[in-house]
Amino acid sequence: MLITYLKDSSFPNFGKGDDNVDIGDLTQFYKKAKMRFDEDAVFKKTSQLNVVKLQAGDEGCRAIWQVLCDVSRKEFEKVYKRLDITLEECGESFYNDKIPPVIEEFEKAGLIASEDGGAKCVFVPKYKIPLMLQKSDGGFGYDSTDMAALKYRIKDLGASRTVYITDYSQGDHFQMCFLAAELIGWVDPKKTKLEHIGFGTVMGDDGKRFKTRSGDTVRLVDLLDEAVKRMETSLYERIAEKKAVITEEQVPEIAAAMGYGAVKYFDLRRNPTSNYKFSYDDMLDTKGNTAIYLLYAHARLESIISKGKADHNVDVDELVKNKNAKIVIGHPSERNLAFHLQMFSDMIVEVLQDLYPYRVCDFLYALSITVSDFVTKCKVLGSDEMESRLLLCRASAIVMRQCFDLLAIRHVNRI
């Protein structure tokens, strides 16, 4: 569709040297192309044929497609870098030459049903609608690519567990792919796990899909910018009110860590299949189950530990290093904290089974509340139990940082 639209005379130089467009422009191109695709039957048919030509290796189509990929990839990388995301890219085109052998394998197994027009389909148990491995015009769709990708991951990569994370509405599609893989003999259910985790929809205050005032879908980069901007404002206010221990020069870096972390945590702390309402105020709240509250809780622990070293000459890290660490549990709050810390391994086992990040969030939030109770009810600095209680603070900070790492949230030691 985009190839057809960009080959139009409205963009005569696109793909021919004048390719200085940003992702915002491409987003608008997509909207206009989609509108024309829906309204113009000739354009729609040409677009469908261009997909077939692209998959067949047509040089003109591939040149424009490559430009689109390069521009998109450049912008995506900016977001990935901000969120500390690394990935090995294997887009749809990676599997293009792997699709014909898959179709041939299903044909040899007698599992292909030819539908009207020549489309090649595979029917699987429990579903009346088939997977379409090849369209009547000779082109390939998502069914084709996903089956080729599935075989590659199982046979070439030797994956014993493959997890697909997409919109929950695609659940049936992937279950059909998994059944087809079993049908052809690629998968032994006892040795290989194929799983789909569906995620819900982010809603606005009106209960509808989260959009801008103009009705457009909110871009992730704009959402991240707004979160960081609000955190910067909050931190500058705290500095002006003498409530912060950081300098104004440190604000941008700390605001970025907290803003990005807030966005991630706000999404991850829920069951992925559920819809939820997006709110900047709730996301950046310093109280309650938010990344901001958790990061402040961690910074409070680090502050206590630093004061123990500076004001009382007790270096907990040296105690641990020299194997002089000894924790004595006496107060109920100490016992409760020690109990929560020991639950960390149980939580990890659960997460490895169902892969739900919200279990890490629930554990981290419960631990933070327990830590707050501990430092409120048990005097740490200057007490007879100072070494033991500082060690509990250090153990808690270590476990909290491990949880932050699992959630890809950057922790901060001073706020």
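Residues numbered from 1 in each chain as written. Predicted model: local features only at pLDDT ≥ 70, side-chain atom pairs only at ≥ 80, totals over all residues. Heavy atoms only, no water.

**Student:** Please give an account of the packing of helix 8 (residues 220-240) against helix 9 (residues 251-268) that cites residues and values.
**Tutor:** Between helix 8 and helix 9, the least distance of the axes is 8 Å, while the angle of their chain directions is 130 degrees. When the interaxial angle is binned, helix 8 and helix 9 end up oblique. Regarding helix 8 and helix 9, the two cross each other, and that crossing is right-handed. Taken together, the residues of helix 9 that come into contact with helix 8 (itself represented by Leu223, Leu224, Ala227, Val228, Met231, Glu232, Leu235, Tyr236 and Ile239) are Val251, Pro252, Ile254, Ala255, Ala256, Met258, Gly259, Tyr260 and Val263. Looking at the contact of helix 8 with helix 9 residue by residue, the class counts come to 16 nonpolar, one polar and one charged. (Axes fitted to C-alpha atoms, helices over the stretch in contact; angles between N-to-C directions. Helix = DSSP H or I, 4+ residues; strand = E, 2+ residues; numbered from the N terminus. Parallel < 35°, antiparallel > 145°, perpendicular 65-115°, else oblique. Left-handed = near helix turned anticlockwise from the far one by under 90°. Contact = heavy atoms within 4.5 Å. Nonpolar A, V, L, I, M, F, W, Y, C, P; charged D, E, K, R; others polar.)

**Student:** Any chance you could break down helix 11 (residues 291-312) for me, citing the residues and the numbers?
**Tutor:** Between its terminal C-alpha atoms helix 11 stretches 31 Å, which fits the 32 Å expected from 22 residues at 1.5 Å a residue. Looking one or two residues beyond helix 11, the residue adopting positive phi is asparagine 313, at roughly 55 degrees. (Expected span 1.5 Å × (residues − 1).)

**Student:** Lay out a negative patch on the surface in plain terms, naming residues and giving numbers.
**Tutor:** A contiguous patch of negative charge, built from Asp205, Asp206, Asp282 and Asp285, is present on the exposed surface. Residue class for aspartate 206 comes out exposed when judged on its relative accessible area of 58%. (Patch = residues over 30% accessible without salt bridge, like charges linked within 9 Å, V, L, I, M, F, W, Y side chains within 5 Å. Areas by Shrake-Rupley, 256 points an atom, 1.4 Å probe, with all protein chains shown as cover. Salt bridge = Lys/Arg side-chain N within 4 Å of Asp/Glu carboxyl O. Lys, Arg positive; Asp, Glu negative; His and termini not counted. Charge placed at Lys NZ, Arg CZ, Asp CG, Glu CD. Buried < 20%, exposed > 50% of the residue type's maximum accessible area, 1.4 Å probe, protein only.)

**Student:** Can you explain the confidence of the model for the chain? Please cite residues and give values.
**Tutor:** Mean pLDDT over the chain works out to 88, with 93% of the residues at or above the 70 mark. Across the chain, element-level confidence peaks in helix 13 (residues 332-342) with a mean pLDDT of 97 and bottoms out in helix 2 (residues 23-39) with 74. (pLDDT = per-residue confidence, 0-100.)

**Student:** Account for helix 9, with residues named and values stated.
**Tutor:** Residues that lie three or four places apart on an α-helix share one face, since the helix turns once every 3.6 residues. Taking 1.5 Å per residue, 18 residues should reach 26 Å; helix 9 reaches 25 Å between its end C-alpha atoms and fits that length. Here helix 9 lies mainly inside the structure; 14 of its 18 residues are buried.

**Student:** Please set out the sheet that holds strand 2 (residues 120-122) residue by residue, giving values where relevant.
**Tutor:** Spatially, the three strands line up as an open sheet ordered 1-2-3, and their pairing is antiparallel. Unpaired on one side and paired on the other, strand 1 (113-114) and strand 3 (131-134) mark the two borders of the sheet. One ladder, built from three bridges, connects strand 2 with strand 3; its direction is antiparallel. The partner of lysine 120 across the bridge, within strand 3, is glutamine 134. The sheet contacts of helix 5 (residues 99-108) involve strand 2 and strand 3, and relative to strand 3 the element is tilted by about 115 degrees. (Pairing = 2+ DSSP bridges.)

**Student:** Give a detailed account of the side chain of serine 333, specifying residues and quantitative values.
**Tutor:** Mapped onto the elements, serine 333 comes out in helix 13. Ignoring any residue separated from it by four or fewer positions in sequence, one finds serine 333 in contact with Asp373, Phe374, Lys377 and Cys378.

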